[in-house]
Amino acid sequence: MSKFFLFVSFLFSISIFSQQEVEIDFKKLNSKVSILINNHRKSLKLKEFEKDTFLLKAAEDHSLYLKKLGFLSHEQKDVKKKNPSDRVIFYGGKKFSGFGENILFTSIKQEKYSDKELDKLAQTIFNQWKNSPPHYKNIINKDFDAADLGFYIDIKRNRIYATHVFGIKGIQIPNQLSENAFGVEEKNKKCRPIDFGTKLHIGNNIAIEGENVILYYHDKQEFELMFSEPRDGIAIDFVEKEQMKCDKPNTFDVSPIYDGVMSEPIYREELLKNNTAQNEYKLITKVGKVPSHLIGKEIVANVILIFDNCACEYVVPLQIKSKTIDLFPLEPIIEVTNDASLSSKGIIYTEEILFEFDKNKVKSNNGSYSKLYDKVHSTQIYSYSSIEGNEISNKKLHDDRAIAIEKFARDTLNIKMKPSLVIAEENWEKCYIQLAMENMEYLASKPKNEIREYINLKNKEFETYLNEQRVSKLVVNYYGKIDKDSLSNEDYLSSLYDLNLRTAIYDKDYKKANLALSKMYTLEYSSSIFDEMVFNEIKTNPKLVQNATAVICKNFKQDFFKTTQFLKIWLGKFESLPKNTQLNLLILYCRINSELLEKWDVNISKLTNVSKPASIETKFITFKENKKLQCNFDYILLYYSNHINDYKNINRYFDRVYMSFKSNIKTKEDRINLALFVNHWSVYNYSIALLKAEMNKPTFSKEEALLLAQTVTLFFDENDVKTNQQILNKVYQLNKKEWCEWQKENFNLLRNEQIKSDFCKKCNNL
């Protein structure tokens with residue numbers, strides 16, 4: 001999609017005399033003026049103008065119009081012929097990417113013009129244009145490669161009007177999917193303005209996935225407001241890397257709408273109907289399909305924003321390096337236990353067998369249920385019904401399920417002992433968490449009969465949650481002894497601590513349990529903290545919560561749901577807990593929510609609704625002197641505000657987080673990480689300012705130079721050439737190889753002549 005440009009100029013020479021019959025051969029005059037102009041271009045080593053029918057018709061049309069008008073003007077009243085470009089296109093000249101026009105009138109003699117007189121008239125016309133700087137500029141313009149002339153005589157005024165129309169022949173990319181851009185019109189007054197940041201968000205969140213092009217947009221409501229009418233939509237323009245080769249000018253299609261191959265537009269209704277985002281605030285939708293002849297080729301998906309069926313904005317995506325920033329590292333406080341010891345014998349392994357009674361499924365946490373060890377230490381049964389239906393029938397359900405689980409242990413696993421614990425109940429605990437996930441705390445606070453009544457009416461909508469409530473478990477604890485000689489040191493310690501935690505929990509030896517937990521924290525990973533028997537103890541026993549929280553800080557990714565459940569329980573009892581326990585809980589809160597909130601479109605992110613940041617802000621105020629903890633909480637507030645598209649607080653918390661991390665910059669790595677973070681939030685001017693302030697210092701690193709150059713390219717067309725060149729020179733000086741490699745990947749950069757010139761000189765041979 002080339003930008004049409006227009007060079008127009010007019011002049012006139014007046015001579016008045018009596019009206020006589022005038023006869024001029026326009027075809028001969030055209031030839032003679034054209035020869036004079038082309039001879040002059042040849043003398044300047046410029047290519048001659050080619051003749052063109054479309055330019056000829058446009059020139060003749062305008063000379064006739066000028067005769068009727070009686071004075072010189074480049075515009076016509078008919079909107080379809082208003083400008084020179086409109087007139088050329090009106091007559092079918094759609095292959096041109098640029099236009100120019102010279103016009104004049106001059107007096108003519110009252111006679112039939114001989115060949116000699118035509119020579120003189122042609123010379124007069126040529127001289128008038130040649131001696132006028134704006135006209136001459138068109139004549140010697142090296143970009144124009146076609147031109148033609150049109151004349152018309154005004155007998156009343158004894159004038160001849162001459163129009164010279166110039167054109168730059170554009171390129172037509174083959175294999176188009178439509179001959180008329182699917183009926184999409186050129187940009188016009190119907191277009192609505194879109195701000196720069198929004199265009200960046202759209203362009204940089206386009207992904208080619210297989211043969212489909214997918215848009216990931218952060219705000220569904222904003223998208224609906226932007227694309228508010230039925231004929232608002234998106235089309236993709238597929239541009240090949242081959243179109244921007246170094247050995248020749250960029251070859252973009254002559255179309256004013258697209259540069260490469262345009263896909264069929266997808267309009268508002270379909271864009272919203274095809275939304276696959278699980279998060280109600282987000283949008284993930286197909287916006288195009290890669291043409292079969294381009295599959296496997298190096299292409300980029302540029303974006304055409306369509307409003308009222310007009311191609312209003314052309315967005316060129318450019319992938320700028322970015323990432324989220326890590327929380328300030330804060331370590332939980334461990335409660336040290338000196339009056340307990342560890343043993344190498346006890347519950348060496350716990351197998352959990354899940355029962356999905358509604359689906360007739362049984363599966364073990366180790367893949368297939370079996371007797372893993374010779375000696376069974378104990379068993380426990382956790383049998384649940386969902387809360388739908390009624391309490392009486394549900395009691396029969398979960399009691400019968402407990403009996404069936406015990407029978408399974410006896411008949412299938414040959415476990416004859418009675419279970420040490422049987423829990424059979426409606427799964428209200430899981431139900432309350434699920435309601436919080438759906439922002440339905442108002443319902444969770446009501447009596448159980450009202451909740452049940454609501455769920456019974458909406459059971460189809462809650463089907464997935466109800467199935468989860470019904471999942472029951474058989475826990476089989478196996479007894480054994482750890483053989484130190486057969487394990488690596490790390491595996492031995494992990495097994496030893498797991499064994500002692502399980503055994504201590506079963507024996508209700510909480511000193512040993514705390515000792516095992518304190519030892520577990522020294523390891524990177526623990527497999528037992530979320531075992532059903534262990535977890536049911538740590539979520540209810542205040543003696544264990546401090547060290548248990550510390551261990552979960554390292555292991556929460558194993559089970560986001562149980563971690564959220566654990567936090568909800570203990571944050572609800574926050575004021576009754578010791579100070580160190582409170583601190584550990586807040587550290588864990590920041591860690592898990594940092595992880596969850598970055599996953600904005602997975603269903604698990606609904607867990608962030610269980611303990612909303614605003615609901616526990618007063619708890620963090622208790623530790624207001626801990627600046628790093630406060631900054632981490634601001635980080636969570638920022639991401640949660642983004643999660644629910646709360647723009648007022650997004651801006652507020654972003655600045656707080658930015659200033660906190662900026663004030664703690666100690667190394668170049670800190671600065672780079674902060675620049676990457678603000679890029680992640682599309683606040684590119686912060687990143688540029690941060691890095692430009694270091695550019696002339698001797699400590700300015702090659703990594704900083706690369707990131708600055710990458711980020712500033714977004715604004716290359718807006719910056720002055722000198723500033724751009726300084727940044728380019730710096731990155732070529734410090735980090736030429738990585739910069740060149742990045743440019744090759746992001747070949748859309750080569751649209752900019754300054755970047756392309758530098759790239760082709762300095763990178764093309766790398």
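Residues numbered from 1 in each chain as written. Predicted model: local features only at pLDDT ≥ 70, side-chain atom pairs only at ≥ 80, totals over all residues. Heavy atoms only, no water.

### Observations concerning the UniProt feature "domain: SCP" (unreviewed entry) in the protein chain
Part 1 of the argument: The sites that UniProt annotates as "domain: SCP" (unreviewed entry) are residues 36-145.
Part 2 of the argument: Counting secondary structure, residues 36-145 comes out at 50% helix and 11% strand; the distance between its end C-alpha atoms is 16 Å. (UniProt positions renumbered as here; feature names shortened; annotations may be inferred. Helix = DSSP H or I, 4+ residues; strand = E, 2+ residues; numbered from the N terminus.)

### Digging into helix H23 (residues 668-680)
In an α-helix, one turn spans 3.6 residues; hence positions three or four apart end up facing the same way.
Part 1 of the argument: Over its 13 residues, H23 extends 18 Å from the first C-alpha to the last, a length consistent with the 18 Å expected when each residue adds 1.5 Å.
Part 2 of the argument: Every buried residue belonging to H23 is among Arg671, Ile672, Leu674, Ala675, Leu676, Phe677, Val678 and Asn679, and all of these are buried.
Part 3 of the argument: Tucked into the core, H23 has its buried residues touching helix H21 (627-643), helix H22 (647-662), helix H24 (684-692) and helix H25 (702-712).
Part 4 of the argument: Just downstream of H23 lies serine 682, where phi reads positive at about 65°. (Expected span 1.5 Å × (residues − 1). Buried < 20%, exposed > 50% of the residue type's maximum accessible area, 1.4 Å probe, protein only. Contact = heavy atoms within 4.5 Å.)

### Some thoughts on the state of the cysteines
Part 1 of the argument: Applying the stated criterion to the full structure yields 3 disulfides.
Part 2 of the argument: Two residues, cysteine 191 and cysteine 312, share a disulfide whose sulfurs are 2.0 Å apart. With the S-S bond torsion at -80°, the cross-link from cysteine 191 to cysteine 312 turns out left-handed. On the criterion of sequence distance, the pair formed by cysteine 191 in the loop between strand S4 (159-169) and helix H6 (196-203) and cysteine 312 in strand S12 (residues 310-315) is long-range, its members being 121 residues apart. (Disulfide = S-S within 2.5 Å.)

### Examining the pairing of strand S15 (residues 376-385)
Part 1 of the argument: The buried fraction of S15 is high, at 9 of 10 residues.
Part 2 of the argument: Bridging between S15 and strand S17 (residues 472-481) involves 6 bridges; their strand directions are antiparallel. Residue pairing across strands places glutamine 380 opposite valine 475, the latter belonging to S17.
Part 3 of the argument: Summarising the sheet, S15 and strand S16 (residues 421-426) pair through 6 bridges and their orientation is parallel. Bridge assignment links tyrosine 382 to a residue of S16, and that residue is isoleucine 423.
Part 4 of the argument: With helix H9 (residues 391-411) bridging S15 and its parallel neighbour S16, the resulting β-α-β unit is right-handed. (Pairing = 2+ DSSP bridges. Right-handed = clockwise from strand over helix to strand, strands pointing away.)

### Structural notes on the pattern of salt bridges
Part 1 of the argument: If you walk through the whole model with that rule in mind, you get 44 salt bridges.
Part 2 of the argument: Ionic pairing is found between lysine 668 and glutamate 703, a salt bridge with its closest N-O pair at 3.2 Å. Remark: glutamate 703 occurs in helix H25 and lysine 668 occurs in helix H23; sequence separation between them is 35 residues.
Part 3 of the argument: Given a relative accessible area of 29%, lysine 668 falls into the partly exposed group.
Part 4 of the argument: Here the salt bridges share partners, and the residues they tie into one network are Glu352, Lys473, Glu532 and Lys562. (Salt bridge = Lys/Arg side-chain N within 4 Å of Asp/Glu carboxyl O.)

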